Amino acid sequence: MFDDLFMHINSIRAYNVHLANLYLDIEKQSIEKRKQVYKEKCYKIIDYINKGLSPYHWGVEETYEDIRGRKTPCYLIGLFNGENKMIEKIEKM
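S.K.: Before we go on, may I ask you to explain the overall build of the protein in this structure?
M.R.: A count of helical and extended segments in the protein gives three helices and two strands. The helix and strand sequence of the protein, counted from the amino end, reads α-α-β-β-α. Over its C-alpha atoms, taken along the principal directions, the protein stretches across nearly 45 × 40 × 20 Å. Working note: accessible area of the protein is about 6900 Å², and carbon and sulfur atoms make up 54% of it. When the 15 basic and 14 acidic side-chain charges of the protein are each reduced to a single mean position, those positions are 3 Å apart.

See below:
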């Protein structure tokens, strides 16, 4: 499930890059709709993996490690207590 979540998050990021290069609102509307579809998919996955875990939730933190002189993104998956920051992150995307 986390692979699917990462795939959808990366799709949202790609749409954000695409949106940054568009100037007409009519062009942006269709991209925004497709981006919203991926956000909804992320929310469903998050709800599914966290079902029955209250007050805990699975969360993902993105960090960068220096591998052979290059910054490589790494994802740390863990069980957290408190507010689910993944949902906030996706909403802001």
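Next comes the rest of the description.
S.K.: Honestly, a nonpolar patch on the surface in this entry has me stumped. Any pointers?
M.R.: Judged by side-chain polarity, Tyr-56, Trp-58, Ile-77 and Leu-79 come together as a nonpolar surface patch covering roughly 380 Å² of accessible area. Within the residue set of the nonpolar patch, elements represented by two or more residues are strand S1 (56–67) and strand S2 (70–81). Tracing the chain through its elements places Ile-77 in strand S2. By relative accessible area, Ile-77 is classed as partly exposed at 41%.

S.K.: What exactly am I supposed to notice about the nonpolar core here?
M.R.: Generally speaking, nonpolar side chains in soluble globular proteins are found buried as a group. Ranked by internal contacts, the top residues of the largest apolar core, which has 14 residues, are Phe-2, Leu-5, Ile-9, Cys-42, Met-86 and Ile-90. Of all elements in the fold, only helix H1 (2–20), helix H2 (25–49) and helix H3 (85–92) reach the threshold of two or more residues within this core. Not counting the four nearest positions on each side in its chain, Leu-5 is found in contact with Cys-42, Ile-45, Ile-46, Met-86 and Ile-90.

S.K.: Could you clarify how one ought to interpret the pairing of S2 in this entry?
M.R.: Working note: regular strand, side chains alternate between the two faces of the sheet. Of the pairings in the sheet, the one linking S1 to S2 comprises twelve bridges and is antiparallel in character. Counterpart to Trp-58 in the pairing with S2 is Leu-79. The loop that links S1 with its antiparallel partner S2 comprises two residues; one of these, Arg-68, has a positive phi angle of about 55°.

Definitions and cut-offs
- Residues numbered from 1 in each chain as written.
- Predicted model: local features only at pLDDT ≥ 70, side-chain atom pairs only at ≥ 80, totals over all residues.
- Heavy atoms only, no water.
- Helix = DSSP H or I, 4+ residues; strand = E, 2+ residues; numbered from the N terminus.
- Areas by Shrake-Rupley, 256 points an atom, 1.4 Å probe, with all protein chains shown as cover.
- Lys, Arg positive; Asp, Glu negative; His and termini not counted.
- Charge placed at Lys NZ, Arg CZ, Asp CG, Glu CD.
- Patch = residues over 30% accessible without salt bridge, like charges linked within 9 Å, V, L, I, M, F, W, Y side chains within 5 Å.
- Salt bridge = Lys/Arg side-chain N within 4 Å of Asp/Glu carboxyl O.
- Buried < 20%, exposed > 50% of the residue type's maximum accessible area, 1.4 Å probe, protein only.
- Core = buried A, V, L, I, M, F, W, Y, C linked by side-chain atoms within 4.5 Å.
- Contact = heavy atoms within 4.5 Å.
- Pairing = 2+ DSSP bridges.

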